[in-house]
Amino acid sequence: MSVLELKKQYNYYLTRYLNGCKYCEENYSKWDLYMPEVMKILKVIEKTLQKIKEHEIVTNEQILRGFDIWNN
């Protein structure tokens, strides 16, 4: 998989993760139901980030906000 594809994947799962965290925060009564899925998404994010780091230096800004794939 190319670095660009890895970055797209990272951005996709980062968005899902952040939305999942927000949902769990807003719907605390369903925390136990949805938080395990959010944690699975976090594991995918971590693995994808490690693959990207094998090819280039990643900034904290990119980790927190995702990658600007339009300027590559």
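Our subject is the structure that appears above.
What you see is a predicted model; the values in this text were computed from it and never measured.

Focus: the nonpolar core
In a soluble, globular protein the nonpolar side chains are often hidden away together inside.
Part 1: Core analysis: the biggest nonpolar cluster contains 14 residues, and Tyr10, Ile45, Ile52 and Phe67 have the highest contact counts within it.
Part 2: Contributions of two or more residues to this core are made by α1 (3-26) and α2 (31-53).
Part 3: The greatest single-element share of this core, amounting to six residues, is contributed by α2.
Part 4: If we skip the residues at most four places from it in the chain, Ile52 touches Leu6, Lys7, Tyr10, Val58 and Phe67.

Looking at the packing of aromatic side chains
Part 1: Applying the stated criterion across every chain, the model contains four aromatic pairs.
Part 2: Relative to Tyr13, the ring of Tyr12 lies with its centre 4.9 Å away and its plane at 80 degrees, an arrangement referred to as edge-to-face.
Part 3: Aromatic pair Tyr23 and Tyr34: ring centres 5.2 Å apart, planes at 80 degrees, arrangement edge-to-face. Highlighted residues: Tyr23 in helix α1 and Tyr34 in helix α2, separated in sequence by eleven residues.
Part 4: For Tyr34, a relative accessible area of 35% corresponds to the partly exposed category.

Conventions we followed
- Each chain has its residues counted from 1, running along the sequence as written.
- pLDDT decides what is reported in this predicted model: residues at 70 or higher carry local features, side-chain atom pairs at 80 or more are listed and counted, and totals for whole chains, interfaces and linings draw on all residues regardless.
- To obtain the side-chain values, all non-hydrogen atoms of the structure were included, while hydrogens and water were left out.
- To qualify as a nonpolar core, a set must consist of buried Ala, Val, Leu, Ile, Met, Phe, Trp, Tyr and Cys residues joined through side-chain atoms within 4.5 Å.
- Per-residue accessibility, obtained with a 1.4 Å probe over protein chains only, is compared with the maximum for each type, and a residue is labelled buried under 20%, exposed over 50%, and partly exposed between these values.
- Numbering of helices and strands runs from the N terminus; a helix is a DSSP stretch of H or I covering at least four residues, while a strand is a stretch of E covering at least two.
- Any two residues whose heavy atoms approach within 4.5 Å are treated as being in contact.
- We call Phe, Tyr and Trp rings a pair once their centres come within 6.5 Å, taking the six-membered ring for Trp, and we label the pair stacked below 30 degrees between planes, edge-to-face above 60, and tilted otherwise.

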